[in-house]
Amino acid sequence: MAQPDGAPKRSSAAGGWGALKSCGKHLLGSRAPLSGARALLKANQPNGFDCPGCAWGDPEHGSSFEFCENGVKAVSWEATDKRTKPSFFARHTLTELRTWSDFALEGEGRLTHPMRYDAASDRYLPVSWDEAFAEIGATLRGLDHPDQAEFYTSGRASNEAAYLYQLFARAYGTNNFPDCSNMCHEASGVALIDAIGIGKGTVLLEDFEKADAIFCVGQNPGTNHPRMLGDLRRAAERGAKVVVLNPVRERGLERFADPQNTVEMLRGSSQPIASHYLQPRSGGDMAAFRGIAKIVFARDEEALASGRPSLLDRAFLEHHTAGLDAYRAAVEATSWDAILDQSGLTYDDISAMADVYLGAQRVIATWAMGVTQHRHSVATVREIANLLFLRGHIGRPGAGLCPVRGHSNVQGDRTVGINERPSVAFLESLERHFGLAMPRKHGHNVLAAIRAMRDGTSKAFIGLGGNFLRATPDTPVVAQALASCRLTVHIATKLNHAHLVPGAIGYLLPCMGRTEIDRNAAGKTQIVTVEDSMSMVHGSGGINKPASKELRSEIAIIAGMAQATVGSAAIDWAGLAADYDRIREAIAATIPGFSEYNTRVRKPRGFMLRNLAAERVFETASGRANFSADALPAETEHQVAKKSQNTFVLQTFRSHDQYNTTIYGLDDRYRGVYGERKVLFAHPDDLAEIRDRLGERVDIVGLHADGVTRRAEDFRLVPFDMPRGAVAGYYPELNVLVPLSTFGEKSDTPTSKSVLVTLEARAAA
C-alpha cells in the first residue's frame, strides 16, 4: 500500500539504508545468500562477470564494490537456489499458469531441463536436446520461405551469442531481427546516425568527472541505472550543474545517500543531485530544448550587437556542421506560445536552463526512454544534438551526447549485427569471410514481426532471452500472434508469460546465466564479452556452478539449432561453440574496430571501440554534424487531452523492484508503494477530482480510435508530484493500453510514454 498510517514512507533519498536493507532482503530471498554475496564481489570486475542489469559504464580505475542495489537484485534473481523442474510442469497446466503474476512465475526459480509443449495435456514435457534441435531444424526448413521466421534478441545476450545468432539467421536466409532496441533506444540510434554518423553516444564515463553541466532528460537513474547516481553526485559536489527534465519528480534525481560512504550512512545524511528540476509535460522535451536554443540565439545577437564575442562556437559550426541556417530559421519561426504550451514550462524555467548552458564550457546531455518512446522521439533527440552543436559540445573532454541504454548488452548486440536493416558493407564482409550469400532484403523489427505473426505471414518465433509477450504493446494481440505460430522457441533462464502461449510446436530451452561458469568439453572456462553505453567492450566470466547439469550456454543452443537447420558444410557451428575465441576471431575479421579482439578484451576493463564522432569525424552524407530543422509536433498528446474532460496522458515506467519485465518484488519505496503493483499515479488535484467522481479504484481505458477496446482493470489511485493531466503506472501490466498502431516517426518505437486514456469507475465485483 502507498503510505497508509503506520506503513513505511517514501524514501527521503535514493540509496542509503533503504538500499542496504533491500540488498539483504533479496540475497536472503534467493535462498543462496552466501554464493550471491560472493558473486557480487566479482560483479563488474576485470576477472569477474558483467552485471546482468544495466549498461552503465565501469570506471577506468574500479573499486572492490562496482555494483548497486539493482545489481544485487539481478544477481540474486539469477543465483537463486530455487528450481523450476519438470515436476513443476507436471503439476501445472499452461492454462493455470497464465493466471499467475509475472512475479510468481519467475519466483519459482531457474529452469533446469529442455521442455516441449504437449497440447493434449496442456503441459510442458521433458525432451532431449537432440530431439529438440532436430524438430526445430526440420520445422524451420519446412517453412515456405526463411522470411516466415522471426529471430528475437534480448539485450542480455553476449556479443558472441548475438553474433552467432545473426549468422545463423542470415545463413538460413532472413534479416528478421526484432530486438529489444526497437522498443527503447531505436529513436536514439536513428537520430544520431543522421546527426553525427553513428548511433551511439560520444562520451566516456570519465567525461562526467569534467563536465560543467549535465542535462538529464527523461530518465530515472535511481531505479534504472543506479550507479549513474554516484557519478551525478560527484559532479554536483564539485560544482557542476545537474539539470533534470522529467515530468515525474523522482527521488533518485533529488538526493542520493551513498551506501559505501560510512560517515554518511552513520549520520543518515544525503547529498543533493539536481541543481534544477524541471517538470515538462510528457512529450514536451523537444519544445523545451527549442526554447533554450531560442534564448541562446537571441543572446548571441545581443552579444554581437554590443561588440562582445559570439556565444556560439563559430569555428566548430563553420568547419564541422551543416544546416545551421535552416535550423536557426526554424527556431526563430517557432513562437514562444507554442514552446510554452507544448513544454508545460514557464519562460523563466527555460531561461534558467539557458543560463546553465551558456555558463558551462563542457556540457553533457544524457537521456533515456522518457525521450525515446513518443511519436516525435527522433526529432527530440535531434533537437538535443542541435543544442550541443551550437557551442561545440561534441568531441571535447567533459562534453557530449549520452543515450543511456537499458539492458547490459543491448548496444553490443546491435554492434555485432542484430539489425533488421544491415548495411551492405556488413553483409559483404560476412560473405567474404564465410563464403555464403547473405540475404539483402530488409527484415522485420518488433512491430512488423508482431503484425506478421498476427496476420499469418510469419510462422515461427525464436526468442533469445527476454519476455516478448510482456515487453511489447497490445498484449492480447501479441499473445494471439505467438499462439498462431507453427513453431515457438524460447531460450531462457526462468519461466515467464511469453512461454505460456506456445505455437503448435513449442520449446522452452534453459540456458546458463551471466554469473555461471561456462566450460567447454575440454574443461576450458569460457568468457563472453559485452559493450556498455560508453562503447567499452569487456570480458565476463561466471563464477557460480550452473543451476542444472542439463543447462547449455546460449551459444551452444544457437549452434545446435543452426547445425540442425542449415548444416555445417559452410560454417563449423560446433567448433565455434566449443571455443568462443573462434567467434571473436570471426567478429574481428568481419566488423571494424575489433582487431586483436581476444588479446584486448582480456586486459583489465577491456577496450573502447573507436567512435569517430567523438573525434569530430562525422560519417554522414555531408561529412559533417547535421543540424535538424524539424518543426515542433503539431500537437502532443497532452495538448489533445486538454480539449476533453476525463482524458489523460498515460506514461508507463518501472517500479523500483523490477528491471524491464523482470519483477524482483512488489515494493517501490522511492514512490512510497509497498506490496502491490496495480496503482495509478496522478497529480493530487487531479486525483481529488477523480476520487470524487469515480472512487478510490478505477479502470483505465484506452482512447486510441482503431475500434479495439483496451482496458486495464482495478487500479488504486496514488497522489504524486507530476503535471496535471498526466497519469503514470507500471509496465508490463499497463502494456495492454499501448496500441500496436501508434509508434515513433522514423523509429517504430512504441509510444509507451504518451498514451491517451480515460478513467472509469471500477465495476462492483
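Relevant structure appears above.
Residues numbered from 1 in each chain as written. Predicted model: local features only at pLDDT ≥ 70, side-chain atom pairs only at ≥ 80, totals over all residues. Heavy atoms only, no water.

### Points about the packing of helix α21 (residues 424–434) against helix α27 (residues 580–590)
Taken N-terminus to C-terminus, the directions of α21 and α27 make an angle of 125°; their axes are 9 Å apart at the nearest point. When the axis of α21 is compared with that of α27, the two are oblique. In this structure, the crossing between α21 and α27 has a hand that is right-handed. Contacts from Phe 426, Ser 429, Leu 430, His 433 and Phe 434 in α21 reach Ala 586, Ala 589 and Thr 590 in α27. Looking at the contact of α21 with α27, its residues break down into 5 nonpolar, 3 polar and no charged. (Axes fitted to C-alpha atoms, helices over the stretch in contact; angles between N-to-C directions. Helix = DSSP H or I, 4+ residues; strand = E, 2+ residues; numbered from the N terminus. Parallel < 35°, antiparallel > 145°, perpendicular 65-115°, else oblique. Left-handed = near helix turned anticlockwise from the far one by under 90°. Contact = heavy atoms within 4.5 Å. Nonpolar A, V, L, I, M, F, W, Y, C, P; charged D, E, K, R; others polar.)

### Quick word on the sheet that holds strand β25 (residues 679–682)
Taken together, 6 strands build a closed barrel; the order of strands is β22-β28-β25-β27-β26-β29 and the barrel is mixed. Pairwise comparison of adjacent strand axes, ignoring direction, gives a mean angle of 45° for this sheet. Bridge count between β25 and strand β27 (residues 711–719): 4 bridges; the pairing is parallel. Of the residues in β27, the one forming a bridge with Leu 680 is Leu 717. Contacts from helix α30 (residues 684–694) reach β22 (647–653), β25, β26 (697–702), β27, β28 (726–730) and β29 (755–761) within the one sheet, and its direction differs from that of β27 by about 125°. (Pairing = 2+ DSSP bridges.)

### Comments concerning the pattern of salt bridges
One pass over the full model with this rule turns up 47 salt bridges. Lys 643 serves as the salt-bridge partner of Glu 635, at 2.3 Å between the closest nitrogen and oxygen. The class of Lys 643 is exposed, set by a relative accessible area of 60%. The network of salt bridges with shared partners includes Arg 697, Asp 699, Arg 711, Glu 713, Asp 714, Glu 760 and Arg 762. (Salt bridge = Lys/Arg side-chain N within 4 Å of Asp/Glu carboxyl O. Buried < 20%, exposed > 50% of the residue type's maximum accessible area, 1.4 Å probe, protein only.)

### Comments concerning the packing of aromatic side chains
Evaluation of the coordinates by the stated rule reveals 24 aromatic pairs. Measuring from ring centre to ring centre gives 6.3 Å for Phe 215 and Phe 289, while their planes differ by 55°; the resulting arrangement is tilted. Linking Phe 215 in strand β7 (residues 213–217) with Phe 289 in helix α13 (residues 285–305), this pair joins segments that are 74 residues apart in sequence. Residues Phe 215 and Phe 289 agree in their burial class; the two are buried. Grouped by ring-pair contacts, the aromatic residues Phe 88, Phe 89, Trp 100, Tyr 117 and Tyr 124 constitute a single cluster. Cation over ring: Arg 654 sits above Tyr 659, and NZ or CZ is 4.2 Å from the ring centre. (Phe/Tyr/Trp six-rings, centres within 6.5 Å; stacked < 30°, edge-to-face > 60°. Lys NZ or Arg CZ within 6 Å of the ring centre and 35° of its normal.)

### What about the sheet that holds strand β14 (residues 400–403)?
The 5 strands lie next to each other as β11-β8-β7-β13-β14, forming an open sheet whose pairing is parallel. Two strands bound the open sheet, and with one partner strand each, they are β11 (276–278) and β14. Recorded for the sheet is a direction-independent mean angle of 15° between the axes of neighbouring strands. Pairing of β7 with strand β8 (residues 241–245) involves 5 bridges; the strand directions are parallel. Counted as the bridge partner of Phe 215 is Val 243 from β8.

### A short note on helix α3 (residues 69–79)
A large share of α3 lies buried, amounting to 11 of its 11 residues. Turning to α3, its buried residues number three or more, namely Glu 69, Asn 70, Gly 71, Val 72, Lys 73, Ala 74, Val 75, Ser 76, Trp 77, Glu 78 and Ala 79.

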